Amino acid sequence: MDFGMPIGAGIAFGLGALGAGIAMSRIGAAGAGTVAEKPELFGYMLILLAIPETLAIFGFVIAAMILIM
């Protein structure tokens, strides 16, 4: 195995996790302000905060596929 496959897998997972982190930071800041004003919206904020985590999961799946193939 050459060095291109592990580097590509690392980039796929790393950029997916980086994108998820950036999205979650912005959603978390807005969600904290929303929950401070309307505590009954905590459930919606929690769901919206969990959605960007799928980017990191997709990055992991793509990285695994690169390394397995």
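The chain is annotated in an unreviewed UniProt entry as ATPase from Methanocalculus taiwanensis. Reading the Subcellular location (unreviewed entry) entry of the UniProt record for the chain gives the comment "Membrane". Recorded under Sequence similarities (unreviewed entry), the UniProt text for the chain is reproduced unchanged: "Belongs to the V-ATPase proteolipid subunit family."

Caption draft 1: Layout of the overall build of the chain. Scanning the chain from N- to C-terminus turns up three helices and zero strands. Secondary structure of the chain in N-to-C order comes out as α-α-α. Here the chain has a C-alpha radius of gyration of 16 Å; the compact-globule value for 69 residues is 11 Å, and the former is much larger. Across its three principal axes, the chain shows a C-alpha extent of roughly 55 × 15 × 5 Å. Across the 69 residues in the chain, those meeting the buried criterion constitute 13%. Of the contacts made within the chain by residues no fewer than 6 positions apart, 79% connect residues no fewer than 24 positions apart. Summed over its atoms, the accessible surface of the chain is roughly 5,000 Å², and 80% of this surface lies on carbon and sulfur atoms.

Caption draft 2: The arrangement of the environment of Ile 47 in detail. Note that Ile 47 resides in helix H2 (residues 42–50). A residue is classified by how much of its surface remains accessible, and Ile 47, at 53% relative accessible area, is exposed. Note: C-alpha distance between Ile 47 and Met 24 (23 residues apart in sequence) is 11 Å.

Calculation rules
- Residues numbered from 1 in each chain as written.
- Predicted model: local features only at pLDDT ≥ 70, side-chain atom pairs only at ≥ 80, totals over all residues.
- Heavy atoms only, no water.
- UniProt positions renumbered as here; feature names shortened; annotations may be inferred.
- Helix = DSSP H or I, 4+ residues; strand = E, 2+ residues; numbered from the N terminus.
- Rg over C-alpha atoms; globule rule 2.2 N^0.38 Å.
- Buried < 20%, exposed > 50% of the residue type's maximum accessible area, 1.4 Å probe, protein only.
- Contact = heavy atoms within 4.5 Å.
- Areas by Shrake-Rupley, 256 points an atom, 1.4 Å probe, with all protein chains shown as cover.

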